[in-house]
Amino acid sequence: MGFHEILKWMVDGVKGGYAGAIVGMDGISVQDYIKEGAACDLEAISVEYGKILGEVNKASEILKLGEVEEIDIASHGTKVLLRLITPEYFIAFILTPSGNTGKGRYFLKKAASKAGTEL
């Protein structure tokens, strides 16, 4: 299963899911998927929230808490779920505010595992 198929499976499998991306820690997307008709600046989300993921991971290391696995960001307009695949790559999953976060986290974890075998 390629990256596009993994992302499509994840996004289409969760109520409220509308975009996903596999991204390097430098903010450059390896692959992305946006549902048809969805408006999303996935590139900007990947770059900006990728920086946050990196900073949170550094803080966790300084505090000797171990490597961060996942970050969930909920704002008024969207939910962003981020999960590390490897130290160099993460997967981002964008949902509507009413999207199913629990199921989204489950699909995100499965998608990250599948993508990890492809990297």
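Relevant structure appears above.
Reading the values: the criteria
Residues numbered from 1 in each chain as written. Predicted model: local features only at pLDDT ≥ 70, side-chain atom pairs only at ≥ 80, totals over all residues. Heavy atoms only, no water. Axes fitted to C-alpha atoms, helices over the stretch in contact; angles between N-to-C directions. Helix = DSSP H or I, 4+ residues; strand = E, 2+ residues; numbered from the N terminus. Parallel < 35°, antiparallel > 145°, perpendicular 65-115°, else oblique. Contact = heavy atoms within 4.5 Å. Nonpolar A, V, L, I, M, F, W, Y, C, P; charged D, E, K, R; others polar. Pairing = 2+ DSSP bridges.

Caption draft 1: Examining the packing of helix α1 (residues 3-12) against helix α3 (residues 101-118) more closely. With their axes 10 Å apart at the nearest point, α1 and α3 run at an angle of 175 degrees to one another. When the axes of α1 and α3 are compared, the pair comes out roughly antiparallel. Together, F3, I6, W9 and M10 of α1 and F107, L108, K110, A111, K114, A115 and E118 of α3 make up the contact between the two elements. Tallied by class, residues from the contact of α1 with α3 come to 8 nonpolar, no polar and 3 charged.

Caption draft 2: Region of the structure containing the sheet that holds strand β4 (residues 79-86). The strand order across the open sheet formed by 5 strands is β2-β1-β5-β4-β3, and the pairing between neighbours is antiparallel. Single-partner strands in this sheet number two, and they are β2 (29-34) and β3 (70-74). When the angles between neighbouring strand axes are averaged without regard to direction, this sheet yields 10 degrees. As judged from the 7 bridges shared by β4 and strand β5 (residues 89-95), these two strands associate in the antiparallel manner. Paired with L84 across the two strands is F90, which belongs to β5. Packing of α1 onto the sheet brings it into contact with β1 (17-24), β2 and β5, and relative to β2 it is tilted by some 40 degrees. Running at roughly 60 degrees to β4, helix α2 (residues 42-62) makes contact with β1, β2, β3, β4 and β5 of the sheet.

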